[in-house]
Amino acid sequence: MSAPVPDAPIPNAPIPNAPPDAPIPNVLNPHPSFVNRIVSAALRQRLLVTMIAIGVAGLGVWSFKRLPVDAYPDLSPPLVEIVTEWPGHAAEEVERLVTVPVEQAMNGTSGLKVMRSVSLYGLSSVRLTFVDGTDNYFARQRVFERLPDISAPDGVTPGVSPLFSPSGLVYRYTLQSAERSPQELKVLQDWVVAREYKGVAGVADIASLGGETTQYQVILNPALLAGVGLSVPAVGEALAANNSNAGGGFYAEGGQFYYVRGLGRVASTDDIANTVLAIKNGAPILVKDVGTVVIGQAPRLGQFGFNSHNDAVEGIVLLTKGEQAQTVLKGVQTVTARLNNTLLPRDVKVVPYYDRSELIHLTTKTVEDNLVRGIILVVVVLIFFLYNVRAGLIVAVTIPFALLFAFICLDLKHIPANLLSIGAI
């Protein structure tokens, strides 16, 4: 007859007559891990853990609303582009007299990593790439400090392009009218539409394409010009000298001040035709005596076509680097409505055909749909394998909580929410 076997201790059983809040000893693992200690502490301080979770969730929602949302991230390094126009000169002359002096002046700029240049007919472009992490405005300040050191030909002034990234194209539109020519639409684009869009905070620049540029042209008659003893440069100098207003001070009479001005700025083709070129035998020689004044078009270097229009006028809105695309686009859309309703003639309309806000909404919706499907799939898999609805729901709650915590980290690091950052999370 065998002796009775004593009862084996039950693992993790509560101690008899112990207080309710006393920790349960772990017989199987007398030295619990760090994770186990955290779980035990969280179970003992449920109210504190719940308050911390609610606070983190609220801060995560606030951070998500602050995050700039875009379709894709801007991965371009700090760039500064120096553009110089020298009309009428070949690429060889532009390279030798403009591009090379610009490169020599910019060599050794603080933080400069790569410098590349392109010389075209009448145009020089020098692109400076700085090391990652360089502040964009610091880089531009260094370039501006060296611009006066450039030895450029007379009348040539190098300039710095606006601060925008290669992915900064956020809005494109065309000007359409059934009654006006592309040349007239080009005038409206340059003098009305582009100026309104540039007034939106966060817009770096407006690029205009298409249409003919209006010019006031003087068609000289060589025989008449030689008959009065004048040259073409002399006519140009006279036109420039007679197209300005002059100040003459003031005088007082009867306690009233009267300002004296000389009005010489031209306002029409008749003013140009009546400009005095020279005095011969006491008689003035006018522009209309040696030629005719017409409204013409500047020589074109390209043409923009849109749908069935072979010659159309387009505008491109460029976003300032570092700005929030969705905020800037709201201002651009407001300006578009104001232009179509009040500022432009009734027959002219601004018709957008690319708006990045639509891509941003599509990207956000795609990420949200994938997130919801992922949560549902995780819950179904957990319930199926664990055969425990409660365990599956507990894990499902941690997924959006972890996402909100990630939004806090993105906000602290100033990382925008886009397809890559949110999709990776």
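Reading the values: the criteria
Residues numbered from 1 in each chain as written. Predicted model: local features only at pLDDT ≥ 70, side-chain atom pairs only at ≥ 80, totals over all residues. Heavy atoms only, no water. Helix = DSSP H or I, 4+ residues; strand = E, 2+ residues; numbered from the N terminus. Buried < 20%, exposed > 50% of the residue type's maximum accessible area, 1.4 Å probe, protein only. Pairing = 2+ DSSP bridges. Axes fitted to C-alpha atoms, helices over the stretch in contact; angles between N-to-C directions. Contact = heavy atoms within 4.5 Å.

Caption draft 1: Local environment of unusual backbone geometry. With a phi angle near 55 degrees, Asn 281 is a residue other than glycine that sits in the positive phi range. Mapped onto the elements of the fold, Asn 281 is located in the loop between β10 (276-280) and β11 (283-286). Not every positive phi belongs to a glycine, and Asn 307 is a case in point at roughly 55 degrees. Within the secondary structure, Asn 307 is located in the loop between β12 (291-297) and β13 (313-320). A relative accessible area of 70% places Asn 307 in the exposed class.

Caption draft 2: Focus on the sheet that holds β13. Spatial strand order, β6-β13-β5-β14: four strands in an open sheet with antiparallel pairing. Two strands in the sheet have a free side with no partner beyond their single neighbour: β6 (203-209) and β14 (348-355). Recorded for the sheet is a direction-independent mean angle of 25 degrees between the axes of neighbouring strands. In terms of strand pairing, β6 meets β13 through six bridges, oriented antiparallel. Bridging from a neighbouring strand, Leu 209 pairs with Glu 314 of β13. Taken strand by strand, helix α5 (residues 182-198) contacts β5 (164-177), β6, β13 and β14, and its axis lies near 175 degrees from that of β6.

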